[in-house]
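Listed below, chain by chain, are the residues.
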Amino acid sequence: MLSSKAMLDGHGEESPYFQGWKEYEKNPYDDVQNPTGIIQMGLAENQLSLDLLKTWIENNQDATRLTNNGESMFQDLALFQDYHGFPAFKNVLVEFMAEIRGNKASFDPRNLVLMAGATTASETLTFCIAEHGDAFLLPTPYYPGYDRDLKWRTGVELVPIHCSSSNGFKVTKLALEEAYEHAKKLSLNVKGVLITNPSNPLGTTMSHVELDELITFAVAKKIHLISDEIFSGTVFENPSFISIIEAVINRKLEKTDLWSRVHIVYSLSKDLGIPGFRVGMIYSNNERVVSTATKMSSYGLISSQTQYLLSKLLSGKEFRENYLKENRNRVKERREMMVVGLGEAGISCFKGNAGLFCWVDLRNLLSSNKSI
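Residues numbered from 1 in each chain as written. Predicted model: local features only at pLDDT ≥ 70, side-chain atom pairs only at ≥ 80, totals over all residues. Heavy atoms only, no water.

**Regarding the overall build of the protein**
So, point 1. Assigned secondary structure in the protein consists of 14 helices and 11 strands.
So, point 2. For the protein, whose C-alpha radius of gyration is 21 Å, the value lies close to the compact-globule estimate of 21 Å for 372 residues.
So, point 3. Expressed as lengths along the three principal axes of its C-alpha atoms, the size of the protein is roughly 70 × 55 × 55 Å.
So, point 4. Burial status across the protein gives 47% buried among its 372 residues.
So, point 5. For the protein, long-range pairs separated by at least 24 residues make up 69% of all intrachain contacts whose partners lie at least 6 apart in sequence.
So, point 6. For the protein, the exposed surface amounts to about 19400 Å²; the carbon and sulfur share of it is 53%.
So, point 7. Across the protein, 39 positive and 44 negative side-chain charges occur, with their mean positions spaced 4 Å apart. (Helix = DSSP H or I, 4+ residues; strand = E, 2+ residues; numbered from the N terminus. Rg over C-alpha atoms; globule rule 2.2 N^0.38 Å. Buried < 20%, exposed > 50% of the residue type's maximum accessible area, 1.4 Å probe, protein only. Contact = heavy atoms within 4.5 Å. Areas by Shrake-Rupley, 256 points an atom, 1.4 Å probe, with all protein chains shown as cover. Lys, Arg positive; Asp, Glu negative; His and termini not counted. Charge placed at Lys NZ, Arg CZ, Asp CG, Glu CD.)

**Points about the side chain of D134**
So, point 1. Relative to the helices and strands, D134 is located in strand 4 (residues 134–139).
So, point 2. Exposure remark for D134: the relative accessible area of 8% places this residue in the buried category.
So, point 3. Within the structure, the side chain of D134 is placed 2.7 Å from the backbone nitrogen of E131, a separation counted as a polar contact.
So, point 4. Within the local environment of D134, its side chain forms a polar contact with the side chain of N189, the two groups lying 3.3 Å apart.
So, point 5. Excluding its chain neighbours within four sequence positions, the residues that come into contact with D134 are V156, E157, N189 and K191. (Polar contact = N/O pair within 3.5 Å; in protein donor to acceptor, adjacent residues only side chain to side chain.)

**Topic: unusual backbone geometry**
So, point 1. The omega torsion of the bond from N197 to P198 falls at 0°, within 30 degrees of zero and hence cis.
So, point 2. One can find P198 in the loop between strand 6 (189–196) and helix 10 (208–221).
So, point 3. Cis geometry is adopted by the peptide bond preceding P239, which originates at N238 and carries an omega value of 0°.
So, point 4. By the element assignment, P239 lies in the loop between strand 7 (224–228) and helix 11 (244–250).
So, point 5. A positive phi angle, near 60°, is found at S187, a position not held by glycine.

**Details of helix 10**
So, point 1. Taking 1.5 Å per residue as the helical rise, helix 10 with its 14 residues ought to reach 20 Å, and the 20 Å between its terminal C-alpha atoms agrees with that figure.
So, point 2. Buried residues of helix 10: E210, L211, L214, I215, F217 and A218, and no others. Within helix 10, the buried residues cover an arc of 165° as seen down the axis, which keeps them to one side. The exposed set on the far side of helix 10, more than 90 degrees from its buried face, consists of V209 and A220.
So, point 3. Buried-residue contacts for helix 10 involve strand 4, helix 9 (173–185), strand 6, strand 7 and helix 11. (Expected span 1.5 Å × (residues − 1). Arc of directions from axis to C-beta.)

**Focus on the environment of P139**
So, point 1. By the element assignment, P139 lies in strand 4.
So, point 2. When its relative accessible area of 14% is taken as the criterion, P139 is described as buried.
So, point 3. Along the chain, P139 and T196 lie 57 residues apart, while their C-alpha atoms are 8.6 Å from each other.
So, point 4. Ignoring any residue separated from it by four or fewer positions in sequence, one finds P139 in contact with I161, C163, V171, L194, I195 and M206.

**A look at the packing of helix 3 (residues 50–59) against helix 14 (residues 317–344)**
So, point 1. Where helix 3 contacts helix 14, the axes come no closer than 10 Å and their chain directions differ by 155°. Viewed along their axes, helix 3 and helix 14 adopt a mutual orientation that is roughly antiparallel. The way helix 3 lies across helix 14 gives a crossing that is right-handed. On helix 14, the residues touching D51, L52, L53 and W56 of helix 3 are F319, Y323, E326 and R330.
So, point 2. A breakdown of the residues in the contact of helix 3 with helix 14 according to their chemical character gives five nonpolar, no polar and three charged. (Axes fitted to C-alpha atoms, helices over the stretch in contact; angles between N-to-C directions. Parallel < 35°, antiparallel > 145°, perpendicular 65-115°, else oblique. Left-handed = near helix turned anticlockwise from the far one by under 90°. Nonpolar A, V, L, I, M, F, W, Y, C, P; charged D, E, K, R; others polar.)

**As for the sheet that holds strand 4**
So, point 1. The strand order 3-9-8-7-6-4-5 describes an open sheet built from seven strands, whose pairing is mixed. A single partner strand is all that each edge strand has here, and the edge strands are strand 3 (112–115) and strand 5 (157–161). Each strand of the sheet is rotated relative to its neighbour by a mean of 25°, with strand direction disregarded.
So, point 2. Sheet topology places strand 3 next to strand 9 (residues 280–284); four bridges connect them, and they run antiparallel. (Pairing = 2+ DSSP bridges.)

**Overview of empty space enclosed by the protein**
So, point 1. Using the criterion set out here, one finds two cavities of 30 Å³ or more in the structure.
So, point 2. Roughly 190 Å³ of volume is contained in the largest cavity.
So, point 3. Forming the boundary of the largest cavity are 19 residues, of which F169, T196, S199, L202 and M206 lie nearest the centre.
So, point 4. Mapped by element, the contributors of at least two residues to the lining of the largest cavity are strand 4 and strand 6.
So, point 5. By residue number, the principal contributor to the lining of the largest cavity is strand 6, which donates three residues.
So, point 6. Partitioned by chemical class, the residues of the lining of the largest cavity number 11 nonpolar, six polar and two charged.
So, point 7. One number sums up the size of the second largest cavity: a volume of about 40 Å³.
So, point 8. Lining the second largest cavity, in full, are S122, L125, T126, L150, L194, I226 and V265.
So, point 9. Ranked by the residues each element gives to the lining of the second largest cavity, the list is headed by helix 7 (residues 118–129), at three residues.
So, point 10. When its residues are assigned to classes, the lining of the second largest cavity shows five nonpolar, two polar and no charged. (1 Å grid on protein atoms, 1.4 Å probe; cavity = no way out; pocket = protein on both sides within 12 Å on 5 of 7 lines; lining within 4 Å. Points joined across faces, edges and corners; volume = space filled by probe spheres on them.)

This is the structure in structure tokens:
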């Protein structure tokens, strides 16, 4: 006999999202060997600026050789490291996060918990906040992987906040209240609202008005606000990115209960294009969340070698600034290329200003008896 986790299909692998992955793996596109194969459109992977990282590595051999001023760091990095993470790495990470946000919010490295990727960070934060049978509200459309990442092992439910293309998929007070009431009818205890900002999959940033609505709602319901900001460094056009932390500070709510119920999930997978390095993190002003998440991080630590290499990479302010500027320009150019190409095929795209996405409008290609 095996556990129910092993025997049941709660992982979500039967969802259309993961079925698409399986079909791609059976018949991957190749412009020479398999031109009629399937193109992978379900993976938000940024390969546009890897050359910048390669150049830095070629010019900074100390980091890749695990040396410091010519002296080997191998033994220090090979031996056991505790789960708090390298102080040098956490210090440059909070500087990087602040720069992405235009230094309109500062971050304390003591409130940062390092994890092996944003998936691990999101699930760990869910474990810290919610119980089996609790629920998070989240705006539609949302990243389909959340149905796996947040629900499978935690037992937490996700209740959609239905947003409409008629108003640009904006989060409204009415939509929030309707989702909350729907959760209550399902006998679910709402513990928080989860947003992705910039949005996955819309490729847009949230407005001041939307963030204010969310903050007001969280204060009124006494619930948590979780902001997944893993695409924050890819904003290439106005309106600019506003972090949930900045929005709360603008409301002067740092000394209220809400301050301890606001949390950020971040990673380097999208902004630096290094998902294989598995670098994710939770940022929270809640001491108990930080303490518990730090203990739980033992199940998914970032290797010492990775922390050492990336602490060197991100320690140079000039490199950080140049990389972010160039990467944003390349993301913008690639998106414009995609929009033009789709337009020539008669497919329009939702206007975006961030991320690695084009939200396409296929209504004109649907037969008249199809409903949407």
